[in-house]
Amino acid sequence: MDVKDIITKVAGNKDLLDKLKSADVNQAKELLDKAGVKVDEADVKKVKDALADGKIDLKEIKDIAGGIFK
């Protein structure tokens, strides 16, 4: 699964995004599992990296999601 796809699936939950940023890889995987997004550890690391260094910001997530925030 693409990192942007994963983040888009949880983008509506700002609390979850904040938790993902500060969680370790195992905690982040559990958070994603609870949110119904099944990913492997390598993808969790990519998601955390993208969120941590700002590669994907909320504006970009909104653009990707295509209007679910309207």
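The structure under discussion appears in the preceding block.
Each value, and the rule that gives it
Residues numbered from 1 in each chain as written. Predicted model: local features only at pLDDT ≥ 70, side-chain atom pairs only at ≥ 80, totals over all residues. Heavy atoms only, no water. Helix = DSSP H or I, 4+ residues; strand = E, 2+ residues; numbered from the N terminus. Buried < 20%, exposed > 50% of the residue type's maximum accessible area, 1.4 Å probe, protein only. Contact = heavy atoms within 4.5 Å. Arc of directions from axis to C-beta. Axes fitted to C-alpha atoms, helices over the stretch in contact; angles between N-to-C directions. Parallel < 35°, antiparallel > 145°, perpendicular 65-115°, else oblique. Nonpolar A, V, L, I, M, F, W, Y, C, P; charged D, E, K, R; others polar.

A.B. asks: Got a minute to help me understand the overall build of the protein chain in this structure?
C.D. replies: Regarding its fold elements, the protein chain presents five helices and zero strands. For the protein chain, the sequential pattern of α-helices and β-strands runs α-α-α-α-α. Taken over 70 residues, the protein chain has a buried fraction of 33%. Contacts spanning at least 24 positions in sequence make up 55% of the contacts within the protein chain whose residues lie at least 6 apart.

A.B. asks: Explain the environment of Glu30 to me, please; I cannot follow it from the model alone.
C.D. replies: With respect to the secondary-structure elements, Glu30 resides in helix α3 (residues 25–34). A relative accessible area of 47% places Glu30 in the partly exposed class. Residues Glu30 and Val44, 14 residues apart in the sequence, show an inter-C-alpha distance of 9.9 Å.

A.B. asks: Can you help me understand helix α2 (residues 14–22) in this one?
C.D. replies: Along an α-helix, residues three or four positions apart point the same way, because every turn accommodates 3.6 residues. Looking only at α2, the buried set comprises Leu16, Leu17 and Leu20. Projected onto a plane normal to the axis of α2, the buried residues spread over an arc of 100° and lie on a single side. Seen from the buried face of α2, the exposed residues on the opposite side, beyond 90 degrees, are Lys14 and Ser22.

A.B. asks: Would you take a moment to explain the packing of α3 against helix α4 (residues 41–52) for this structure?
C.D. replies: Helix-helix packing: each pair is described by the crossing angle between the helix axes and the interaxial distance. Here α3 crosses α4 at 100°, and the two axes come no closer than 9 Å. When the axis of α3 is compared with that of α4, the two are roughly perpendicular. Residue-level contacts link Val25, Asn26, Ala28, Lys29 and Leu32 of α3 to Glu41, Val44, Lys45 and Lys48 of α4. Of the residues in the contact of α3 with α4, the class split is four nonpolar, one polar and four charged.

A.B. asks: Help me understand the side chain of Asp43, please; the structure alone is not making it clear to me.
C.D. replies: Within the fold, Asp43 resides in helix α4. With residues near it in sequence (within four places) discarded, Asp43 still touches Met1 and Ile6.

That is the geometry; function is a separate question.
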